[in-house]
Amino acid sequence: MDRNRRCEFNTRMEMPERESEMRVAKRRTPVVLGVICAVLGLIVLGTIAASRARARAEKIQCANILSSLELAARCYSQDYEGTFAPNLQCMSNEISTTRILTCPSDRSRVPATNSTLLNSTNISYVYLAASLQSTNATTNALFRCPIHGHVVYGDGRIVLGDGTVQYGKRLF
C-alpha cells in the first residue's frame with residue numbers, strides 16, 4: 001500500500017511540472033511556426049529570384065550565340081564569293097562547336113556532338129540566309145531564335161525579342 005501511495009504521490013508531484021511545460025510549449029508553438037513560415041518564404045523567394053536570373057542569363061547567352069553565328073555566316077560568304085551557305089552543315093568549318101546551334105533555353109533538343117550528327121532535331125535556330133548573296137545581307141535577317149524571338153542581321157545588328165536593338169559582337 002505504501003508503494004501505491006508513493007506512486008500516486010510522485011505522479012501528483014510531476015503533474016504540475018508537466019502542465020507548466022505544456023503551457024510553455026503551447027506558447028512556443030506559434031513562434032516556431034512563424035519562424036518556419038518565414039524561412040520557407042525566404043526559400044521560395046530565393047528560388048523565384050534564381051529562376052528569373054537564370055532565364056535572363058539564357059536570353060543573353062542566346063543573343064551572343066546568334067552574334068557568333070552571324071560572324072560564322074559572314075566568314076563563309078567571304079570564302080565563297082559573297083554567297084551564304086545553303087545550310088548549317090556546310091558552315092561547320094566556321095562554327096567552333098555544334099553545341100552553339102542549340103539555344104540554352106531549349107530543353108527539348110540535345111546538342112549535336114559533331115557536325116556529322118547535325119540535323120533538325122539538334123538545331124534550335126532558324127537559318128534564314130540560305131544561298132543569299134552577301135550584298136543583300138545587311139538588310140536581311142540571317143538567324144532567328146524561335147524561343148526568345150531574337151533576330152540577327154548581316155550587318156551585326158541584333159533585334160532582341162522585346163524589340164530593342166543591339167550592335168556589336170558581344171552584348172551585355
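A quick note: this is a predicted structure, and the numbers were derived from the prediction, not measured. (Residues numbered from 1 in each chain as written. Predicted model: local features only at pLDDT ≥ 70, side-chain atom pairs only at ≥ 80, totals over all residues. Heavy atoms only, no water.)

### Examining the pattern of salt bridges
Any two side chains of opposite charge can pair, given that their charged atoms come close.
Then, in step 1: Taken as a whole, this structure holds 5 salt bridges when the rule is applied.
Then, in step 2: Of the charged contacts, one joins Arg107 and Glu58 as a salt bridge, the two residues approaching to 2.7 Å between their closest N and O atoms. Of the two residues, Arg107 sits in the loop between helix H1 (2-79) and strand E1 (126-127) while Glu58 sits in helix H1, which places them 49 residues apart along the sequence.
Then, in step 3: A residue is classified by how much of its surface remains accessible, and Arg107, at 54% relative accessible area, is exposed.
Then, in step 4: Judged by relative accessible area, Glu58 falls into the buried class, the value being 11%.
Then, in step 5: Where Asp106 meets Arg109, a salt bridge forms, and the shortest distance between an N and an O atom there is 2.8 Å.
Then, in step 6: What emerges from the salt-bridge pattern is a single network uniting Arg54, Glu58 and Arg107. (Salt bridge = Lys/Arg side-chain N within 4 Å of Asp/Glu carboxyl O. Helix = DSSP H or I, 4+ residues; strand = E, 2+ residues; numbered from the N terminus. Buried < 20%, exposed > 50% of the residue type's maximum accessible area, 1.4 Å probe, protein only.)

### A word on the environment of Ser68
Then, in step 1: Relative to the helices and strands, Ser68 resides in helix H1.
Then, in step 2: Expressed as a C-alpha distance, the spacing of Ser68 and Ser96, which sit 28 residues apart in the sequence, is 9.2 Å.

### Considering unusual backbone geometry
Then, in step 1: For Glu81, which is not a glycine, the phi torsion comes out positive at approximately 55°.
Then, in step 2: Inspection of the secondary structure assignment puts Glu81 in the loop between H1 and E1.
Then, in step 3: Residue class for Glu81 comes out exposed when judged on its relative accessible area of 77%.

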